[in-house]
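# Structural features, examined
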Amino acid sequence: RPERVRRPMKILFVQLPVQDPNWESARANVSLAAGYLAAYAESKGLLSRGEWRIIDREAADYASDAALVETISAEGADLACFTLYAWNLERSLAIVERAREACPRTRFVAGGPEVVTGQPIMTRSPFHALVEGEGELAFAELLGDLRRGKPLSRRYAASEPVDLAELPNPYLAGTLAVEADRPVHLETQRGCPGKCGYCYYGKNYPTVRRFPREDAYRVVELAGRGRASEIYLMDPSFQATEDLPDRLVRLAKANSAGLPLHAELRLESVTEELGRLYAAAGLGSAEVGLQSVNPRA
């Protein structure tokens, strides 16, 4: 019997930036989630490079709502995938409501930190399907349903964390490009050892998992060659590792271009020696928020 030919899919990823009067924040709008989803799906044979794309940066960052609807409609995608954050949630919902009327054959999917059980979006939204929590495995399941012609489920959520050793880095896999004068967003680990009462991240991702160390150093070298503006370390607690001094020494070696690094740190963890190592690695800024002075919190 002749082998069945797989019908190509057309997928569009959309992530809207922080809106501010001078649009400066739009420069930091990096579609890291889309890069990971596409890289993992490609590695598992669920997508080919020609079947997906991230919406044009000019449209995502600077277009009006009407222009965005026109762009999504003109794409004629089978699937339009939105990443939802606190700063783009309401606008994304409004755009999708309009886009559904303009392109009724497109199915709309959303994931990101704003897709959380108990929130209104889980029971009432314009999206056909929602991806809750860590997205790579759940999105792969969604693509499998789409490939088989099954109706999309309302909610997709992974039953276990993805193996980070099997998760390609988007910059190394080529699903994201290093752009001159724009930041590179880099995860070296996921999860947080903290059990803070006010923090969603620590409750839902309490185990620290680490990406292959060499991947991070290769990304830093790539960012330097590509003249990125900075390397934004996405780890919720960058210092939560036993080999931190060795990591900082390796980062300093990889960061020969001297790009500024940004990281989230526990300020009380920084000793004088670690401070010198951070400086040598290129740390230019750090988030050290004091959320509470209440011991119970």
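Below: a short report on this structure. (Residues numbered from 1 in each chain as written. Predicted model: local features only at pLDDT ≥ 70, side-chain atom pairs only at ≥ 80, totals over all residues. Heavy atoms only, no water.)

Burial in helix 9 (residues 244-254) covers these residues: Leu244, Arg247, Leu248, Leu251 and Ala254. Buried positions in helix 9, seen along its axis, are confined to an arc of 125 degrees and lie on one side of it. Set apart from the buried face of helix 9 by more than 90 degrees, the exposed residues are Asp246 and Lys253. Those residues of helix 9 that are buried lie in contact with strand 8 (189-190), helix 8 (213-225), strand 11 (261-264) and helix 10 (272-281). (Buried < 20%, exposed > 50% of the residue type's maximum accessible area, 1.4 Å probe, protein only. Helix = DSSP H or I, 4+ residues; strand = E, 2+ residues; numbered from the N terminus. Arc of directions from axis to C-beta. Contact = heavy atoms within 4.5 Å.)

Below, the discussion takes up helix 8. In this model, helix 8 (13 residues) spans 19 Å end to end at C-alpha, consistent with the 18 Å of a helix rising 1.5 Å per residue. Buried residues of helix 8: Arg213, Asp215, Ala216, Tyr217, Val219, Val220, Ala223 and Gly224, and no others. Its buried side turned inward, helix 8 meets helix 6 (170-173), strand 7 (184-186), strand 8, strand 9 (209-210), strand 10 (231-233) and helix 9. Phi for Arg227, located one or two positions after helix 8, is positive at around 60 degrees. (Expected span 1.5 Å × (residues − 1).)

Moving on: a nonpolar patch on the surface. Residues Leu267, Val270 and Val288 make up a contiguous nonpolar surface patch of roughly 220 Å² in combined accessible area. By secondary structure assignment, the location of Val288 is in the segment after strand 12 (283-287). For Val288, a relative accessible area of 34% corresponds to the partly exposed category. (Patch = residues over 30% accessible without salt bridge, like charges linked within 9 Å, V, L, I, M, F, W, Y side chains within 5 Å. Areas by Shrake-Rupley, 256 points an atom, 1.4 Å probe, with all protein chains shown as cover. Salt bridge = Lys/Arg side-chain N within 4 Å of Asp/Glu carboxyl O.)

Now for the nonpolar core. Formed by 56 residues in total, the largest nonpolar core has its most connected members in Ile11, Phe13, Leu79, Leu142, Leu143, Phe238 and Leu248. Top element by residues in this core is helix 1 (residues 32-43). It accounts for seven residues. Beyond its immediate chain neighbours, meaning those up to four positions away, Leu248 contacts Phe238, Leu274, Leu277, Tyr278 and Ala281. Listed in part, the 27 residues of the second largest apolar core include Leu93, Ala99, Ile121 and Met122. (Core = buried A, V, L, I, M, F, W, Y, C linked by side-chain atoms within 4.5 Å.)

Our focus in this paragraph is the sheet that holds strand 10. Read from one edge to the other, the open sheet built from four strands follows the order 7-10-11-12, with strand pairing classed as parallel. Every other strand in the sheet has two partners, leaving strand 7 and strand 12 as the edge strands with one partner each. The average angle at which neighbouring strand axes cross in this sheet is 20 degrees, direction not considered. Note that strand 10 and strand 11 share two bridges and pair parallel. Counterpart to Tyr232 in the pairing with strand 11 is His262. The strands touched by helix 8 are strand 7 and strand 10; relative to strand 7, the strand with the most contacts, the crossing angle is about 175 degrees. (Pairing = 2+ DSSP bridges. Axes fitted to C-alpha atoms, helices over the stretch in contact; angles between N-to-C directions.)

A word on the packing of helix 9 against helix 10. Closest axis-to-axis distance for the helix 9/helix 10 pair is 8 Å, and the angle between their directions is 25 degrees. In terms of orientation, helix 9 lies roughly parallel with respect to helix 10. The element helix 9 and its partner helix 10 pack so that their crossing is left-handed. Where helix 9 approaches helix 10, its residues Leu244, Pro245, Leu248, Val249, Leu251 and Ala252 are matched on the opposing element by Leu274, Leu277, Tyr278, Ala280 and Ala281. A per-class count over the contact of helix 9 with helix 10 returns eleven nonpolar, no polar and no charged. (Parallel < 35°, antiparallel > 145°, perpendicular 65-115°, else oblique. Left-handed = near helix turned anticlockwise from the far one by under 90°. Nonpolar A, V, L, I, M, F, W, Y, C, P; charged D, E, K, R; others polar.)

The next thing to look at is the packing of helix 1 against helix 5 (residues 135-148). Between helix 1 and helix 5, whose axes approach to 9 Å, the crossing angle comes to 60 degrees. One way to sum up the angle between helix 1 and helix 5 is to call them oblique. In terms of crossing hand, the pair formed by helix 1 and helix 5 is right-handed. Across the interface between the two elements, Tyr36, Leu37, Tyr40 and Ala41 of helix 1 pack against Gly135, Glu136, Leu137, Phe139, Ala140 and Leu143 of helix 5. Its residues placed into classes, the contact of helix 1 with helix 5 shows eight nonpolar, one polar and one charged.

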